[in-house]
Structure formats: structure tokens, C-alpha cells
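Tertiary structure, described
Next come the chains, spelled out residue by residue.
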Amino acid sequence: MNRDNFFIFCEACRILLHIMKMKIVCNYAYVFATYSKGIYDREDTLKKKTCSILAAVCMACLLALPLAACKAHKDNAATDAKEASVEEFDPSKKTIYATFFPVADLTKRIVGDKMNVKTIIKPNQEPHSFELGAKDMAEIQAADLVVYNGAGMESFIPDLRASIGDDSKFLDLSQGLELLQHKSAQGLSDLADGETLDSAPDVEVVKDADKHSGETPAGVNPHTWLSIKNAMTSLDTIFKKVSVMDPENAEYYKKNYAKALLEFQALDKKFETTLANVPEDRRYFVASHAAFNYLARDYKLKQVAVTGISPEDEPTAAQLSTIADFVHKHHITTIFFEGAATPKVANTLAENTGAHTSTLYTMENLSEDDIKTGYIGLMEKNLDALMESFN
């Protein structure tokens, strides 16, 4: 390699390193490249040795490029994830506060880009036990509308309602829904004489619930959004409310509602036709907590929950034994849970019965990727997981 070619080689290395933003190494490469011009004017022996060193340095720099590219890719991915978690905000538009993911998802499908939608409870927070902080309370005072699931899901709503002092700024998505009252610990402690998990109903319909007082009867299961049929009713509730709030864009909201309704009707039909192939004596599934009562009701499934309505509930040893017997009797192969970490009690039950664990999404605690998947995508994953457990 002659002097000019070698210098060009070093310069190329420097440019590539500069592109990858490895500035420190880049500067060293520049020094070596410049110094190499003078090297060729010295003794032949010294030239050969020094050139060998310079070549080794340049090769090391080139080998470092993939590492730099990998680092840049990771940095970009981290930035993308951070940006995905930040909801867009336009101060010129009305602002809706939705309590948590499924409520926000349904709301965004209707309002589109005509209003800001901010989520109160973040993906890594537990909705059942969430408490509104003073800073959040102050921020939400300026809301044009607060959309919440209702049915006793958000315990902070009464205080927030009292603080804002304007009931017209609150929208309860449980209005118009048939609420289900869950027996304690999935009914295990309430079994009547002769009843078993096979024969005992795990829910009772709440009749004549007072929708206007804001009070929810004790024991009501709040996971109403996991019924696709309920979600369609909620879409209609949101559409009617925002159309009154913003009549100029009523036609836009109507089109969005029509589109969303078709998508949810197709999802409902997919559940019905797919689950229709499952024999009646195979329609049992075990979940870590009693979140799927509404889903089970819609498609004639039988849910047996390890814990009660809240994932923080704990079953007794006797109740776990009853469920284990049920799992063996019906040859159940899967214990469902939600989240990245398997609840200890669900894991123990799986180990004691020879079953494995899998995920059913309640949409209460989600990753960024889960949020991007959306309500419909997560429900489709739930259907796939159920069918795999039934087969």
C-alpha cells in the first residue's frame, strides 16, 4: 500500500467514525491519519512498523462500527419508547381525561384528533388501588370531561367529582350496562349444600342499581370493559356525550363511531363463531383473579378465579384445594394470569396441578407494546389464549 492510498484509507475510517458519532476515537484516527503522511518520509524500517500499527488501529476502529451502530439503535429505540408514552397535547383543543387504558382507547376511537385525551392512571399503576395525588387533582380541574369506567372501579372518582363540582364534566361508562355481582372468592365460601364449582353460578345480575347516585352496590364486578358487547355500548355513550360537547364536529364523531362499531361487531362475531366450536364440557378456564365474568357470560364460558375481584385478594388453603380438585377433574391445562410476573398463588396452583401458566389481558397493567396493540388486538390475543387452553 503506497502513502497516498494508506492516507485515503485512514481518512475513510475517520469519516465513518464521525458518522457514527464516535468523536473521541474519531479524533485519534485523524491524528494517526495526518501523522501517516510524514511517516513515509522516514527510514523504511520505521515506516513499515509504524504503518503496521496504524493499520491495526484503523481495523480496530472499523470493528467498533457495529458496536456503535448497535448503541445508536438502542438509543433510538429507547427514545421511541419514551415518545410513545407521552400523549400529544394541543392547548387549542378540548381536553378529556380518561381514567385508564381501556377507557382511553374507546374514547380516542370516537374523538380522533378533535380533542386531547390524557390517561390518568399510567400503564404501570394498579387501577384497583390507585389514589389521585394533589398534583393530578389540580391538573384535572381544567378538564372539559372526565371519562371513567364506573361500577366501582375508580375509588377516587367521588372525591374528584366533589372537587370539580360539576357533574356534567363526568361520564360514567357503566351507565346502561347490566352489572354483575360477584360472590366472594368466586363463590367458594358461599356454596350451598350440594353445590359444586360445576353447578354454582359465579355471578348474580345486579338489578335496579342506582345509576344517578354514583353509588355502586357492594360486590359488583367492575371489569365491564372485558365484555365486547359492553364496550360497544360505551362507544355509543362516548359518542353521544362528545357530540353534545362539540356539535360542530358531531358528524365527524358519528363517522368514527360507525367505524368503531363495525370493528367491535366483527370482533364479537369472531369470539362467538370461534368459541362455538368448543364443547360445553370444555368451556372452563381458571384465572388468577375474577376479571372475566362479563366475557364468560357473553360466550357461555365458566370462569374459576384463584382470587376475588381484586388481584390483591388472597384465597384460603381450602379454596385452593377446591380449585385444584376442579382443575384435575376437568383436565384443565392452563392457569391464566395477567402481567409480566406470574402471581405467586397462580404459580403455586399450576405447579401443584401440573398445569402451565399463560396470559389473559385484563388491560389494567400494560407495557408500551401492549398499549400499541390496542383493545381489539389484546382481545384477539385473549381469544387465541383461551382456544389454546380449550384444545
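Our subject in this report is the structure included herewith. (Residues numbered from 1 in each chain as written. Predicted model: local features only at pLDDT ≥ 70, side-chain atom pairs only at ≥ 80, totals over all residues. Heavy atoms only, no water.)

1. As for the pairing of strand β8 (residues 302-307)
As a reminder, the rule being used: For every residue, the accessible area obtained with a 1.4 Å probe (protein chains only) is divided by the maximum for its type, and the residue is called buried under 20%, exposed over 50%, and partly exposed between those limits. The secondary structure listing takes helices from DSSP runs of H or I that are at least 4 residues long and strands from runs of E that are at least 2 residues long, numbered from the N terminus. Pairs of strands are assigned from DSSP output, requiring at least two bridges between the strands.
Counting buried positions over the six residues of β8 gives six, a clear majority of the element. Strand direction decides the pairing type here: strand β7 (residues 284-289) and β8, joined by five bridges, are parallel. Bridge pairing in β8 links Val 286 to Val 304.

2. So, the sheet that holds strand β10 (residues 356-359)
Just so we agree on the cut-off: The convention used is that axes are lines fitted to C-alpha atoms, helices contributing only their stretch in contact, and that angles between N-to-C directions extend from 0 to 180 degrees. Any two residues whose heavy atoms approach within 4.5 Å are treated as being in contact.
Taken in spatial order, the four strands make up an open sheet running β8-β7-β9-β10, and their pairing is parallel. In this open sheet, the two strands that pair with only one neighbour each are β8 and β10. Each strand axis lies, on average, 35 degrees off the axis of its neighbour in the sheet, ignoring direction. Across four bridges, the pairing between strand β9 (residues 334-337) and β10 is parallel. Following the sheet pairing, Ile 335 is matched in β10 by Thr 357. Its contacts with the sheet place helix α10 (residues 317-329) against β7, β8 and β9, and it is angled at close to 145 degrees to β8. The sheet contacts of helix α11 (residues 344-353) involve β7, β8, β9 and β10, and relative to β10 the element is tilted by about 140 degrees.

3. A closer look at the packing of aromatic side chains
Filter applied, for reference: Pairing of aromatic rings covers Phe, Tyr and Trp, the last counted by its six-membered ring, and requires centre-to-centre distances within 6.5 Å; plane angles under 30 degrees mean stacked, over 60 mean edge-to-face, and any other angle means tilted.
Taken as a whole, this structure holds eight aromatic pairs when the rule is applied. Plain terms: the ring middles of Phe 130 and Phe 156 are 5.4 Å apart, the flat faces sit at 75 degrees to each other, and that makes the pair edge-to-face. One end of the pair, Phe 130, is in the loop between β2 (116-119) and α5 (134-140); the other, Phe 156, is in the loop between β3 (145-148) and α6 (157-164), with 26 residues separating them in the sequence. Here the aromatic rings of Phe 271 and Tyr 299 are separated by 5.3 Å at their centres, their planes lie at 25 degrees, and the arrangement is stacked.

4. As for the side chain of Thr 334
Note the following rule: Here a polar contact is taken to be a pair of N or O atoms separated by no more than 3.5 Å, where protein atoms must pair a possible hydrogen donor with a possible acceptor and residues adjacent in sequence count only if both atoms sit in side chains.
As for its placement among the helices and strands, Thr 334 is situated in strand β9. Given a relative accessible area of 4%, Thr 334 falls into the buried group. Within the structure, Thr 334 has its side chain in polar contact with the side chain of His 356 (distance 3.4 Å). Not counting the four nearest positions on each side in its chain, Thr 334 is found in contact with Val 286, Ala 355, His 356, Ser 358 and Ser 389.

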